[in-house]
Amino acid sequence: MEQTTMFALLIISGLVGHLAAVPSPLGLFTVVQFPNDACTSTSGLTGTCVTAAQCSERSGTANGNCAASFGVCCLVSASTCSSSGAAVTYNNTYIRNPSYPSVYPTSTSATTCAYKVTKLNANICQVRLDFQTLELGQTASTGACTDSIQAVLSIESSVTTSYPAVCGTSSGHHMYLDIGATASNTATITVSLAASSAAAKWNVLASQIECNTNYLAPSGCAMYLTGVTGSWSMYGYKDGTTTTEHLWNQNYKVCIRRESGYCSIRHTAQSSTSFDLSSAANADTAISVSGATCYADFIGIPGGSLDGNPATRDRYCGGALGFTNPTGVPVSQAIISKMVPFEVTVHSDGTETGSATPYGVALNYQQLAC
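Residues numbered from 1 in each chain as written. Predicted model: local features only at pLDDT ≥ 70, side-chain atom pairs only at ≥ 80, totals over all residues. Heavy atoms only, no water.

Peer 1: Tell me what's going on with the overall build of the protein, and back it up with residues and numbers.
Peer 2: When helices and strands are tallied, the protein shows one helix and 27 strands. In the protein, which comprises 370 residues, the share counted as buried stands at 46%. For the protein, the share of sequence-separated contacts (at least 6 apart) that also reach a separation of at least 24 residues comes to 73%. For the protein, the exposed area adds up to about 16500 Å²; of that, 53% sits on carbon and sulfur atoms. (Helix = DSSP H or I, 4+ residues; strand = E, 2+ residues; numbered from the N terminus. Buried < 20%, exposed > 50% of the residue type's maximum accessible area, 1.4 Å probe, protein only. Contact = heavy atoms within 4.5 Å. Areas by Shrake-Rupley, 256 points an atom, 1.4 Å probe, with all protein chains shown as cover.)

Following this line, the structure appears as structure tokens:
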């Protein structure tokens, strides 16, 4: 990680009036070093601890002190809308629409705002995106995106990797990008706006994670959660909203770190209205469905059952989270899995669900002791 080196004046007791006794002016100074770690600013946002001069060089804003007041918590943002990719060269940079916190002005033509993240050093393996504010256009009745944000990685010179396109309201979600070990690899985050877009707003924190840290997400995980208990929801899921269909063409993995002394995990719906996916052939149903009938839109819980023992099923869909077949249940059941690593997959196709609006999934998890 980057580090700041600076000279600081030492205040020595009895020094005043005795400067002539000091053999060299170097004795008045000491070298102060502090890492350029993430810091929490006075306003509560995440910045980077640097000197005031370094913050000015980054065109940042000093918002509070750090490193025993030798440094400032520097907030940096990239808010230029450029189809060629505005440069994001510093860690903990906020990617924002130009008029943030106001919405992006309505345009008469389609607009693309791209942001290109380059590595701080060759030891960067992941970029984490925190969607602190993300409000992009979506057709509620079908779930289709009219605006979107999507990350594309240039892992090697001839290979690109795309992550799910996200729209609607997705504030509070995060996404990990596996940027690879090659120093020249980049990540481009693109916001695409329709000509009629009138309420788009985004503020996304881009943080770079070094390869040798213990908080690096497992490869292939879009979301990564830690702790014995926790919760998560699908991208685009808005708590309490049941009239907006979930996002299309989603295919990603939610990973949960297995804590020491825990051998299984229990998944439950957050509420009576926090699990709704279509079943076979994008049909809407009010009861739970599991197994092979879930092939259009579903979540995957490897080795799931009511107690974690065989027989197990990996796919769950329908109007409630449940295992019971063939009739299903109208009230959600807890699904337990003993498969490690702990993970849940999310899959949706590109077809709407008739006149219904299955709105997606929000789950709680609890790890169970061995």
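Peer 1: An account of the side chain of Ser337 is needed here, citing residue identities and associated values.
Peer 2: Note that Ser337 resides in strand β25 (residues 335-337). Reaching out from Ser337, the side chain makes a polar contact with the backbone oxygen of Pro302 at a distance of 2.5 Å. In contact with Ser337, other than residues within four places in its own chain, are Ser264, Ile265, Ile301, Pro302, Gly303, Gly304 and Phe342. (Polar contact = N/O pair within 3.5 Å; in protein donor to acceptor, adjacent residues only side chain to side chain.)

Peer 1: Could you give me a rundown of the pattern of salt bridges, with the residues and numbers involved?
Peer 2: Applying the stated criterion across every chain, the model contains three salt bridges. Notably, a salt bridge pairs Arg257 with Glu259, separated by 3.1 Å at the nearest N-O pair. For Arg257, a relative accessible area of 34% corresponds to the partly exposed category. (Salt bridge = Lys/Arg side-chain N within 4 Å of Asp/Glu carboxyl O.)

Peer 1: Residues and numbers for the state of the cysteines, please.
Peer 2: On inspection of all chains with the given rule, the structure shows nine disulfides. One disulfide in the model links Cys81 with Cys113; its S-S distance is 1.9 Å. Taking the sign of the torsion about the S-S bond as the criterion, the disulfide between Cys81 and Cys113, at about -85°, is left-handed. One end of the pair, Cys81, is in the loop between β6 (71-78) and β7 (86-88); the other, Cys113, is in strand β9 (residues 111-118), and 32 residues separate them in sequence. For Cys81, a relative accessible area of 26% translates into the label partly exposed. A sulfur-sulfur separation of 2.1 Å characterises the disulfide bridge that pairs Cys145 with Cys167. Looking down the S-S bond of the Cys145 and Cys167 bridge, the torsion is -85°, so its handedness is left-handed. Taken together, the positions of Cys145 in the loop between β10 (124-136) and β11 (148-156) and Cys167 in the loop between β12 (159-162) and β13 (168-169) put the pair 22 residues apart, joining distant regions of the chain. On the accessibility criterion, Cys145 (34% relative accessible area) is partly exposed. Assessed through its relative accessible area of 0%, Cys167 is described here as buried. (Disulfide = S-S within 2.5 Å.)

Peer 1: Could you give me a rundown of the environment of Ala38, with the residues and numbers involved?
Peer 2: Inspection of the secondary structure puts Ala38 in strand β3 (residues 38-40). Sequence-distant contacts of Ala38, that is, excluding residues within four places in its chain, are made with Thr46, Gly47 and Asn92.

Peer 1: Explain the nonpolar core residue by residue, including any values.
Peer 2: Counting residues in hydrophobic clusters, the biggest one holds 65 residues, and the most contacted among them are Trp202 and Ile299. Take this core: its biggest share by element is six residues, from β10. Excluding its chain neighbours within four sequence positions, the residues that come into contact with Ile299 are Phe275, Leu277, Asp314, Arg315, Tyr316, Leu321, Val344, Thr345, Val361 and Leu363. (Core = buried A, V, L, I, M, F, W, Y, C linked by side-chain atoms within 4.5 Å.)

Peer 1: So what about the packing of aromatic side chains? Which residues, and what values?
Peer 2: Any pair of aromatic rings gets described here by the distance separating the centres and the angle formed by the planes. Taken as a whole and judged by the stated rule, the model has four aromatic pairs. Look at Tyr104 and Trp202: their rings are 5.9 Å apart centre to centre, the planes differ by 25°, and that puts the pair in the stacked class. Here Trp202 lies in strand β16 (residues 201-210) and Tyr104 lies in the loop between β8 (93-96) and β9, a separation of 98 residues in the sequence. With centroids separated by 6.2 Å and ring planes inclined at 75°, the aromatic side chains of Tyr176 and Tyr224 adopt a geometry described as edge-to-face. Taken as a pair, Tyr176 in strand β14 (residues 174-178) and Tyr224 in strand β17 (residues 223-225) lie far apart in primary sequence, 48 residues in all. Across this residue pair, the class does not change: Tyr176 and Tyr224 are buried. Through successive ring pairs, a cluster of aromatic residues spans Phe131, Tyr235 and Tyr252. A cation over an aromatic ring shows up here: Arg313 above the ring of Phe323, its NZ or CZ 4.0 Å from the ring centre. (Phe/Tyr/Trp six-rings, centres within 6.5 Å; stacked < 30°, edge-to-face > 60°. Lys NZ or Arg CZ within 6 Å of the ring centre and 35° of its normal.)

Peer 1: Which residues make up unusual backbone geometry, and what are the values?
Peer 2: With the exception of glycine, most residues fall at negative phi, and the peptide bonds are largely trans. Look at the link from Tyr100 to Pro101: it is a cis peptide, with omega at 15°. Looking at where Pro101 falls in the secondary structure, it is placed in the loop between β8 and β9. Its identity as a non-glycine residue notwithstanding, Ala68 has a phi of 55°, on the positive side. Tracing the chain through its elements places Ala68 in the loop between β5 (61-66) and β6. In this structure Ala68 comes out as exposed when scored by relative accessible area, which is 69%. A positive phi angle, close to 55°, is found at Asn92, a residue other than glycine. Position of Asn92 among the secondary structure elements: in the loop between β7 and β8. Among the residues examined, Asn92 registers a relative accessible area of 4% and is labelled buried.

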